[in-house]
Amino acid sequence: MGADGYPVLIDAETFQSVQSRLQKKWGDHTRRDCPVSALRETLRCSCGGHLKRWFSSVHKTDTLYLRCAECGGEVVIPDADLLAEVEQQAAEYTPPTVSASYTPSEEVVRLSNAINRGLEKPERPEDVVALILQGISTRYACFETPEASPDTQRLIKEKAYAQAIKYITITAENGVTVTFK
Ligand SMILES: [Zn+2]
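From a predicted model like this one, the values you see are computed outputs, not experimental measurements.

1. Thoughts on the overall build of the protein chain
Of the regular secondary structure elements, the protein chain holds six helices and six strands. Along the protein chain, helices (α) and strands (β) appear in the sequence α-β-β-β-β-α-α-α-α-α-β-β when read from the amino end. When burial is assessed residue by residue, the protein chain has 12% of its 181 residues classed as buried. A separation threshold of at least 6 residues defines the contact pool for the protein chain, and within that pool the share at least 24 residues apart is 48%.

Listed below in structure tokens is the structure:
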């Protein structure tokens, strides 16, 4: 009798062996199939349209057969070639330098002039202080805060390409250009 009082139909040893065989099979399948499948949504035609997979019985399993949803252009590229390109371009990836830019707005200029005039005639110092505080917050508003972006470098290092890549353009001649986020 097994757990919960039901008769044992399969002994633990057999169960384990079946499990590990299944795991081996599906594990291998996943390893072989996953990297390219994960990138499926990022594939773009040189016209900018989405490249969709299509299937027929003559297709090789290790090759992507793609067709553009916009222009109907076709791309046939071996999985390994695409992955090698992605790997290489990931290795060469350099993050763009983020620099905050400052441009004083008209409001900043107007407030600065008002502050200077107020300082020349300090009859009402509380007004001048209020202007200065307003001026400070207006100046801060002029700094463009860089867009919050995922840490692409970290994702590349972790080989989480599906998250790191914005899109991959593939030309009919199999020219691959990877654009990272
Ligand atoms: Zn196209």
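2. Section: the sheet that holds strand β5 (residues 165-170)
One open sheet holds the three strands; their spatial order is β1-β5-β6, and the pairing between them is mixed. Lying at the two open borders of the sheet, with one neighbouring strand each, are β1 (43-45) and β6 (176-180). Each adjacent strand pair in this sheet contributes to an overall mean axis angle of 30°, direction not counted. Of the pairings in the sheet, the one linking β1 to β5 comprises three bridges and is parallel in character. Within β5, the residue paired with C45 across the bridge is I170. Its contacts with the sheet place helix α2 (residues 79-91) against β5 and β6, and it is angled at close to 45° to β6.

3. Some details on the pairing of strand β4 (residues 74-78)
The alternating pattern of β4 places V75 and I77 on a buried face and E74, V76 and P78 on a face that is not buried. Summarising the sheet, strand β3 (residues 63-68) and β4 pair through five bridges and their orientation is antiparallel. Bridged to R67 within β4 is E74. Taking the residues between adjacent antiparallel strands as the criterion, β3 and β4 are bridged by five residues, where G72 takes a positive phi near 80°.

4. Some details on the sheet that holds β4
Strand order across the open sheet formed by three strands is β2-β3-β4, with antiparallel pairing between neighbours. At either end of the open sheet lies a strand with only one pairing partner, and these are β2 (51-53) and β4. When strand polarity is set aside, the average angle formed by the axes of neighbouring strands in this sheet is 35°. Summarising the sheet, β2 and β3 pair through three bridges and their orientation is antiparallel.

5. Points about the environment of P78
Within the element layout of this structure, P78 appears in strand β4. Remark: the alpha-carbon pair of P78 and Y65, spanning 13 residues in sequence, is separated by 8.6 Å. Beyond its immediate stretch of four places on either side in the chain, P78 contacts D62 and T63.

Calculation notes
Residues numbered from 1 in each chain as written. Predicted model: local features only at pLDDT ≥ 70, side-chain atom pairs only at ≥ 80, totals over all residues. Helix = DSSP H or I, 4+ residues; strand = E, 2+ residues; numbered from the N terminus. Buried ≥ 20, exposed ≤ 12 C-beta atoms within 10 Å, placed from the backbone. Contact = placed C-beta atoms within 7 Å. Pairing = 2+ DSSP bridges. Axes fitted to C-alpha atoms, helices over the stretch in contact; angles between N-to-C directions.

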